[in-house]
Amino acid sequence: MIRRYTVRQLAKRVGGSVRGDDGGVIDGVASLGDAGSNEASWVSNPKYAAKAADSRAGVVLVPGGFGPTPMPAILCDRVDRAVGRLLELFAPAPARPEPGVHPAAIVSESANVGTDTALGPFVVIEGEARVGARCIVHAGVFIGRGAVVGDDCELWPNVVIRDGCRLGSRVTIHPNAVVGADGFGFYFDEGRHHKVPHIGGVIVEDDVEIGACTCIDRAKFGDTVVGRGTKIDNLCQLAHNVTVGEHCVLAAFCGISGSVRIGRYSVFGGRAGAVDNVVIGERTRCAGGYTVVQKDTPDGVTLSGCPAQDHRLELRERAALRRLPALTEQLKSLATRVERLEASEDHSD
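The shown structure was predicted, so the numbers you read here are calculated from the model rather than taken from an experiment.

Caption draft 1: Fine view of the sheet that holds strand β5 (residues 39-42). Read across the sheet, five strands follow the order β2-β7-β6-β5-β4 without closing on themselves; strand pairing throughout is mixed. With one partner strand each, in any of the chains shown, β2 (17-19) and β4 (28-29) form the two edges of the open sheet. Inspection of the sheet shows β5 paired to strand β6 (residues 59-63) by three bridges, in the parallel sense. Bridge assignment links tryptophan 42 to a residue of β6, and that residue is leucine 61. On top of the sheet, helix α1 (residues 7-14) reaches β2, β5, β6 and β7 (73-76); it is set at about 15° to β7, its chief contact.

Quick look at the structure:
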């Protein structure tokens, strides 16, 4: 189904005000370089004004006070928020199973499934598990014995929720993610590795989103916890007994070792991580790339590097390192001059 809105309607939906003609019809979204006269685009930073000037977009979302544009503009207090609303308007509805239990699903007699919940084909729900109301459980999902899934959750294909793990309400988990696999623990004795049982669980609180192929391990004892409102990207690893505070963000490839505690509102860039048992303060920001936190941190710091340190210090050290080849050549030149002076006939010492 093609969705069409006038510029005036779009501005109302995204919470902005129109500058210029508000009657044009928009039926899609595209980048500035690709957008046509019937599509919307956006610019969040004035330094990209030249790209807006060259664009053929029918309308552009810009911050308040943005300079002139050749097309109508929707002025927004928060461009990022407005773009999110814009994309919601044009997003196609994903295919979802109808409420009810698909004939190919397997649901234990002792499991409890809430009203208006949809179970797709090849879903398996083990004994004593509970799935809340209005959930959408896509094909191939496994929910283990005694696991709990709250209301209004969506589990995409092949998600695994192991025995005894608990999800709050409005949790979204993307394909092939695993919640509650055994923690990684072994001890070495008599020439081989012996497995350490992990008898705890996992608690995922309300409004959490977990990306595809992410793994959250069950605790050795107690619970691994993901706090309310936290968003975790694809291909992340949270080890046993990790606690992630409320409203944190972990980008792709993050690796968090066992028993780490991350304060609320913290952000980990892609491939950032932490060694075991460290405590990371609230509102900590870890730069992406190769940041590895190896000791406890206070609240509100920005870190980068391995081992992680204050981001500004890390940048200065990197800059000094880039100057090292030139400094090495200078040092060689000075050494040569000293040798010549030491070898000269009139050197008196």
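Caption draft 2: Representation of the packing of aromatic side chains within the structure. Applying the stated criterion across every chain, the model contains two aromatic pairs. For the pair tyrosine 5 and phenylalanine 90, a centre-to-centre distance of 5.4 Å together with 85° between the ring planes defines the contact as edge-to-face. Placement of tyrosine 5 in strand β1 (residues 5-6) and of phenylalanine 90 in helix α3 (residues 79-90) is noted, with a sequence separation of 85 residues between them. For the pair tyrosine 5 and phenylalanine 90, a shared accessibility class is recorded, and that class is buried.

Caption draft 3: Looking closely at the sheet that holds strand β37 (residues 285-286). The mixed open sheet is built from twelve strands, whose spatial order is β8-β11-β14-β17-β20-β25-β28-β31-β34-β37-β39-β40. The sheet is open, and its two edges are formed by β8 (100-101) and β40 (309-310), each paired on a single side. Of the strand pairs in this sheet, strand β39 (residues 302-304) and β40 are connected by two bridges, and their pairing is antiparallel. Paired with serine 304 across the bridge in β40 is glutamine 309.

Caption draft 4: Region of the structure containing the nonpolar core. Core analysis: the largest hydrophobic core is formed by 49 residues, its most contacted members being Ile143, Leu155, Ile161, Ile173, Leu238, Leu250 and Phe268. Ignoring anything within four residues of it in the chain, the contact list for isoleucine 173 reads Glu154, Leu155, Trp156, Val159, Ile161, Leu167, Val179 and Ile210.

Caption draft 5: A look at helix α4 (residues 311-322). With twelve residues, α4 should cover 16 Å at 1.5 Å per step; its first-to-last C-alpha distance of 17 Å lies within 8% of that length. Two or three places before arginine 312, at the start of α4, stands the capping residue aspartate 310, its side-chain oxygen 3.0 Å from that residue's backbone nitrogen.

Here is what the cut-offs are and how they apply
- Residues numbered from 1 in each chain as written.
- Predicted model: local features only at pLDDT ≥ 70, side-chain atom pairs only at ≥ 80, totals over all residues.
- Heavy atoms only, no water.
- Pairing = 2+ DSSP bridges.
- Helix = DSSP H or I, 4+ residues; strand = E, 2+ residues; numbered from the N terminus.
- Contact = heavy atoms within 4.5 Å.
- Axes fitted to C-alpha atoms, helices over the stretch in contact; angles between N-to-C directions.
- Phe/Tyr/Trp six-rings, centres within 6.5 Å; stacked < 30°, edge-to-face > 60°.
- Buried < 20%, exposed > 50% of the residue type's maximum accessible area, 1.4 Å probe, protein only.
- Core = buried A, V, L, I, M, F, W, Y, C linked by side-chain atoms within 4.5 Å.
- Expected span 1.5 Å × (residues − 1).
- Polar contact = N/O pair within 3.5 Å; in protein donor to acceptor, adjacent residues only side chain to side chain.

The analysis is restricted to geometry; functional conclusions fall outside its scope.
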